[in-house]
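Each chain is listed here by its residues.
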Amino acid sequence: MSKVVLITGASRGIGRATARLLGARGWTVGVNYQHNEPAAAETAAQVGRAGGHARVLHGDVASEADVIAMFDALEHAYGRVDALVNNAGIVAPSSTLAEMSAERLKRMFDVNVYGAFLCAREAARRMSKDRGGEGGAIVNVSSAASRLGSPGEYVDYAASKGAIDTLTIGLAKELGPQGVRVNAVRPGLIDTEIHASGGRPDRAAVLGAQTPLGRPGSADEVAEAIVWLLSDAASYVTGALIDVSGGR
Ligand code: NAP
């Protein structure tokens, strides 16, 4: 039977690359998006061409009702949810903390922290063996920013990813006895549209050249780590924070 995964923020970037790779491994993929429906449809088409099955799911991860509805839709359609890739995330224009508005801070933590927690909670409720689930795996998409702090750029974003690291460590211990592995990847400078949304489309290319490997990473390179963590090949790995950052 095909395994079923929800990938939040799968319409573009790292989420799309992960969806495509899981499709190639025969998974059924819930492709979540917030605004960009055509991009989500294109991801679903790519999953299908790769050999998997996809279902497009609209929802804001910062909305409890949307998150519950996405998990319900997958369970209703396929009878199970085996995995979550907690990937949806935002940045904001470079700024010092002193210049940040309260609205910006609230949205950053609503999406990157509250949203990730809501998704992880729903996965825990549905996959835990004590609750009738069959176990599973969660991969949280953190960032190298959690250990770098991103001064002068976005300490809010970096701190939101620090929360994701801590969630990963604690939830791995909480859910290990429930048959659920919980890990994180911490990407470095990856060539996606997220940098343009922070006002610096060339950020990955410029700063990536200064990393030990001398280039930015690709979404496909991050997807490889995520898919490995979800797979049975990583059956004894839980609570790990895996840097995919070119040595940065
Ligand atoms: P991206 O290309 O900007 O794509 C972001 C995705 O998240 C899109 O699919 C977007 O959906 C979705 N999204 C945003 N807010 C959402 C919300 N509230 N609810 C549901 N979906 C939402 O980003 P990316 O670079 O692939 O980043 C993916 C993850 O990797 C993020 O958590 C990011 O922090 C992390 N990361 C990225 C880098 C990097 O250099 N790229 C480095 C470290 C960590 P729409 O298309 O509908 O807008």
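Shown above is the structure to which this text applies.
Residues numbered from 1 in each chain as written. Predicted model: local features only at pLDDT ≥ 70, side-chain atom pairs only at ≥ 80, totals over all residues. Heavy atoms only, no water.

Considerations on the site of the ligand
What counts is decided by this rule: Consider each residue's heavy atoms; a residue with any of them within 4 Å of a molecule or strand counts as near. Nitrogen and oxygen atoms within 3.5 Å of one another constitute a polar contact, given that in protein one can donate a hydrogen and the other can accept it, and given that sequence-neighbouring residues count only through two side-chain atoms. Areas reported here follow the Shrake-Rupley algorithm with a probe of radius 1.4 Å; residue values treat only the protein chains shown as occluding. Here a cavity denotes grid points, spaced 1 Å and computed from the protein atoms alone, that fit a 1.4 Å probe unable to get out, and a pocket denotes an open set having protein on both sides within 12 Å along at least 5 of 7 lines; residues with an atom within 4 Å of a point are the lining. By definition, a pocket or cavity contains a molecule when more than half of the molecule's atoms lie within 2 Å of the pocket's grid points. Per the convention used, a helix needs a DSSP run of H or I reaching at least four residues, while a strand needs a run of E reaching at least two, with both numbered from the N terminus.
The environment of the ligand is formed by 33 residues, the closest being Ser11, His35, Asn87, Tyr157 and Thr192. In this structure, Gln34 approaches the ligand through a main-chain N or O atom, which is 2.9 Å from an oxygen atom. In the environment of the ligand, an oxygen atom lies 2.4 Å from a nitrogen or oxygen atom belonging to the side chain of Thr192. In isolation the ligand exposes 910 Å². Once the protein is present, 96% of that is buried. When each cavity is represented as a set of grid points, the ligand is found to reside in the largest pocket. Listing elements by their share of the shell around the ligand, those giving two or more residues are helix H1 (13-24), strand S2 (28-33), helix H4 (102-127), helix H6 (155-175) and helix H7 (194-197).

Quick notes on the layout of surface pockets
Using the following cut-off: Grid points are joined across faces, edges and corners, and a volume is the space filled by probe spheres set on the points. In this count, Pro and Cys sit with the nonpolar residues alongside Ala, Val, Leu, Ile, Met, Phe, Trp and Tyr, while Asp, Glu, Lys and Arg are called charged and the others, Gly among them, polar.
Taken as a whole, the largest pocket holds about 910 Å³ of empty space. Asn87, Ala88, Gly89, Ile90 and Ile194 are the residues nearest the centre of the largest pocket, which is lined by 44 residues in total. Elements with a contribution of two residues or more to the lining of the largest pocket: H1, S2, H4, helix H5 (145-148), H6 and H7. A per-class count over the lining of the largest pocket returns 18 nonpolar, 18 polar and eight charged. In this structure, the second largest pocket encloses a volume near 160 Å³. Lining of the second largest pocket is provided by 14 residues; of these, Lys3, Asp82, Gly136, Ala137 and Asp232 occupy positions nearest its centre.

In short, the description is geometric, and any link to function would need to be established separately.
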